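# Notes for the structure review
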Amino acid sequence: MNLKVLLVRPHAFLPTSQWLQSMLRLEPYAQELIAGAIHPPHDVRICDLAVEDKPIDAFKRVLQGYQPNLVGFGGFSSQFRTNRELAAITKELLPNTITCFGGVHASSLPTDCKYPELFDFIVRGDGVSAMKVVIDALEKNESLPESDWILPTKSPNFDKLAMKSPPALHLDGINTKPRRELVDMSKYFCICYGQQGEKIDTLFPEIACVRTSVGCPNRCSFCVVHFLAKGKYLQRDVEDVVEEIAFLPQKYIYFVDDETFINTKRMQRIAEMLLERGIKKKYISWARSDTVCKHPELFDLWKKAGLELVYIGFESLEDENLNAYNKKATASQNREAREILRKLNLNIHAALMVNPDFEEKDFLTVQRAIKEMAPAEFAFTVYSPPPGTQEFEESRDKFICDDPCLYYDCLHTILPTKLPLKKFYRYFSILYALGAARIPAKVNKVKLPLRDHIKFVLGGMKFGWQMYRMYREYDRKYW
């Protein structure tokens, strides 16, 4: 039996999430990896609805034109509603097509995914390994095997299997090569600010994703990675990583590791190999502030290799907040890391977090942090308990939205705020306005193309207005 498999990345549902994709749009890397598990005589396609102006119409066209035997949906908790809607369309147009759902939400909260009328089975954990098993069973016309990571929704054992912890990470998920040829890579881009006084061709260069590792040994309270990975940390061979980077046509590379610089000796070797081979790329990567403080020489080396923008989850410059987040980093380390990167002339993406119980004085504290950390690209998130965790279950009676998973996007609160919701989000929008005024390109007087400057300014204004009115996306009683 020759199969036709369609892998779908859903579009954003909430307006604020839609805007974020207009400023940073990465390739559907998870779908590309899973596609790497499907080989001839079977055929596979990727339908990336994040790039479509009319995603529902585009999805229907693909379904009717391709007529797949198997459709795989996946994504984060905030995308689950959209995935359900897309699955319903699939079952309506192609009632005999097999559908499955995987990704972060299915792995962390499978009990929420039991929709036998929409999904034939759920995948927890690594989708690459699961797809190999599924394809093998369909080839032989056999029933899908039940396990901790493949859960048929009509099985009487579904509830029992879903109550187990997520399955362990599998090496297939990191060693499989992504099928980038299945998407139009020209549609994916990031924001890169250039260096002081530099004239750049575009503020939004095309970009490719590379994953060198998966998992994280840290236990930050706001993060679901340690829950899903069970504390494991898997790494690719450095030679394999460098070889992949060398053959990518894109100038900019975004490392999509959960935490790239955990193994500092390994990252040192990757940078040395890139330099030895004369591979000239620009890199964007996440790092922890304590890693920067302990290994400034490593980031100096990576600067020489092409590192341009470092994403750091500072979260706060207050030790009380950092301890509450179980960050295992201090405010002094955050400040020291900022100075180290400043001296290395590396641009920073500074992620700061606000709590639902913030009062006016707390927002003013974050405003002072913005001034202290600038210039930087700032991002602000609202703390919410991750779906699937014990804290999430314990907080269910406090949620202020009927669908907390939909609102779990780092911008919407799912917990009640101490301030009236309207006032909370007006203070929150001010943070973004202050941060936008202190981006590296503006402070460092980088010369941008006029079209990109206009796109950034207009997009920022639209986003700011949406943030200002975000309280309207909740029941009026919380305003």
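Residues numbered from 1 in each chain as written. Predicted model: local features only at pLDDT ≥ 70, side-chain atom pairs only at ≥ 80, totals over all residues. Heavy atoms only, no water.

## Focus on the sheet that holds strand 6 (residues 150-152)
Operational definition: Think of it this way: DSSP has to see at least two bridges between two strands before they count as a pair. Put simply, DSSP H or I for four residues or longer makes a helix, DSSP E for two residues or longer makes a strand, and each gets a number counted from the N terminus. An axis is simply a line fitted to the C-alpha atoms; with a helix, the fit covers only the stretch in contact. Between two such axes, the angle follows the N-to-C directions and lies from 0 to 180 degrees.
Taken together, the 6 strands give an open sheet; going across it, the order is 2-1-3-4-5-6, and neighbouring strands pair in mixed fashion. Single-partner strands in this sheet number two, and they are strand 2 (43-48) and strand 6. Going from strand to strand, the sheet's axes swing by 20 degrees on average, the running direction of each strand aside. Bridging between strand 3 (residues 70-74) and strand 4 (residues 98-102) involves 5 bridges; their strand directions are parallel. Opposite Gly72, over in strand 4, you have Cys100 as the bridge partner.

## Concerning helix 18 (residues 421-436)
Counted only if it meets this: Multiplying 1.5 Å by the helix residue count minus one yields the expected span of that helix. The cut-offs for exposure are 20% and 50% of the maximum accessible area for each residue type, with area from a 1.4 Å probe on protein chains only; residues under the lower value are buried, those over the upper are exposed, and the others partly exposed. Here a residue-residue contact requires only that any non-hydrogen atoms of the pair lie within 4.5 Å.
The terminal C-alpha atoms of helix 18, which comprises 16 residues, lie 23 Å apart, in line with the 22 Å expected from a rise of 1.5 Å per residue. Turning to helix 18, its buried residues are Leu421, Phe424, Tyr425, Tyr427, Phe428, Ser429, Leu431, Tyr432 and Gly435. Looking at the buried residues of helix 18, the elements they touch are strand 13 (347-354), helix 16 (360-373), strand 14 (377-382) and helix 20 (450-468).

## Remarks on the environment of Glu27
This is how it is decided: Counted as a polar contact is a pair of N or O atoms within 3.5 Å, where, for protein atoms, one must be capable of donating a hydrogen and the other of accepting one, and residues adjacent in sequence contribute only when both atoms are in side chains.
For Glu27, the position within the fold is in the loop between helix 1 (15-23) and helix 2 (29-35). Ignoring any residue separated from it by four or fewer positions in sequence, one finds Glu27 in contact with Arg9, Glu32, Arg180, Met185, Tyr188, Ile207, Ala208 and Cys209. Within the structure, Glu27 has its side chain in polar contact with the side chain of Arg180 (distance 3.2 Å).

## A closer look at helix 13 (residues 296-305)
To keep things clear, this is the line we draw: Arc, as used here, means the arc of the directions from the helix axis to the C-beta atoms.
Listed as buried for helix 13 are Leu298, Phe299, Leu301, Trp302 and Ala305. The buried residues of helix 13 occupy one face: seen down the axis, they fall within an arc of 155 degrees. Buried residues along helix 13 sit against strand 10 (252-255), helix 11 (264-276), strand 11 (282-287), helix 12 (289-294), strand 12 (307-315) and helix 15 (331-343).

## Overview of the sheet that holds strand 7 (residues 207-210)
Strand order in this open sheet of 6 strands is 7-10-11-12-13-14, and the pairing throughout is parallel. Where the open sheet ends on each side, the last strands, each with one partner, are strand 7 and strand 14. In this sheet, neighbouring strand axes are inclined to one another by 20 degrees on average, regardless of whether the strands run parallel or antiparallel. Here strand 13 runs beside strand 14; their pairing, made up of 6 bridges, is parallel. Residue pairing in the sheet places Met353 in a bridge with Thr381 of strand 14. Along the sheet, helix 13 contacts strand 10, strand 11 and strand 12; its crossing angle with strand 12, the most-contacted strand, is approximately 140 degrees.

## Focus on the environment of Ile46
Residue position: Ile46 is located in strand 2. Residue classification places Ile46 among the buried positions, given a relative accessible area of 12%. Residues Ile46 and Gly197, 151 residues apart in the sequence, show an inter-C-alpha distance of 41 Å. The residues touching Ile46, leaving out its near neighbours within four places in the chain, are Leu7, Pro28, Gln31, Glu32, Ala35, Arg179, Leu182 and Val183.

## Description of the layout of surface pockets
As a reminder of what qualifies: Note on definitions: the grid is 1 Å and covers protein atoms alone; a cavity is a set of points where a 1.4 Å probe fits but cannot get out; a pocket is an open set with protein on both sides within 12 Å along at least five of seven lines; lining residues have an atom within 4 Å of a point. Grid points are joined across faces, edges and corners, and a volume is the space filled by probe spheres set on the points. Throughout, the ten residues Ala, Val, Leu, Ile, Met, Phe, Trp, Tyr, Cys and Pro are labelled nonpolar, Asp, Glu, Lys and Arg are labelled charged, and all others, Gly among them, are labelled polar.
Its volume calculated, the second largest pocket comes out at about 300 Å³. As for the second largest pocket, its lining consists of 19 residues, of which Glu318, Asn321, Asn355, Phe358 and Asp362 are closest to the centre. Going through the elements one at a time, helix 14 (319-324), strand 13 and helix 16 are the ones with two or more residues in the lining of the second largest pocket. For the lining of the second largest pocket, the leading source of residues is helix 16, giving 5 residues. For the lining of the second largest pocket, a count of residues per class yields 7 nonpolar, 4 polar and 8 charged.

## Regarding the packing of helix 11 against helix 13
Let me state the cut-off plainly: Orientation is classified from the angle alone, with under 35 degrees giving roughly parallel, over 145 giving roughly antiparallel, 65 to 115 giving roughly perpendicular, and any other angle giving oblique. Crossing handedness is read from the near helix: turned anticlockwise from the far helix by less than a right angle, it gives a left-handed crossing, and turned clockwise, a right-handed one.
The geometry of helix 11 relative to helix 13 is characterised by a closest axis approach of 9 Å and an angle of 25 degrees between their N-to-C directions. Looking at the two axes, helix 11 sits roughly parallel to helix 13. Helix 11 and helix 13 meet at a crossing whose hand is left-handed. Judged by residue contacts, Thr264, Met267, Gln268, Ile270, Ala271, Glu272, Leu274 and Leu275 of helix 11 engage Leu298, Leu301, Trp302, Lys304 and Ala305 from helix 13. Class assignment for the residues of the contact of helix 11 with helix 13 results in 9 nonpolar, 2 polar and 2 charged.

## Quick word on empty space enclosed by the protein
Enumeration over the complete set of coordinates arrives at 1 cavity of 30 Å³ or more. Reported here for the largest cavity is a volume of approximately 30 Å³. Tyr29, Leu33, Gly173, Ile174, Thr176, Pro178, Arg211, Arg236 and Glu244 are the residues that line the largest cavity. Among the secondary structure elements, those contributing two or more residues to the lining of the largest cavity are helix 2 and helix 8 (172-175).

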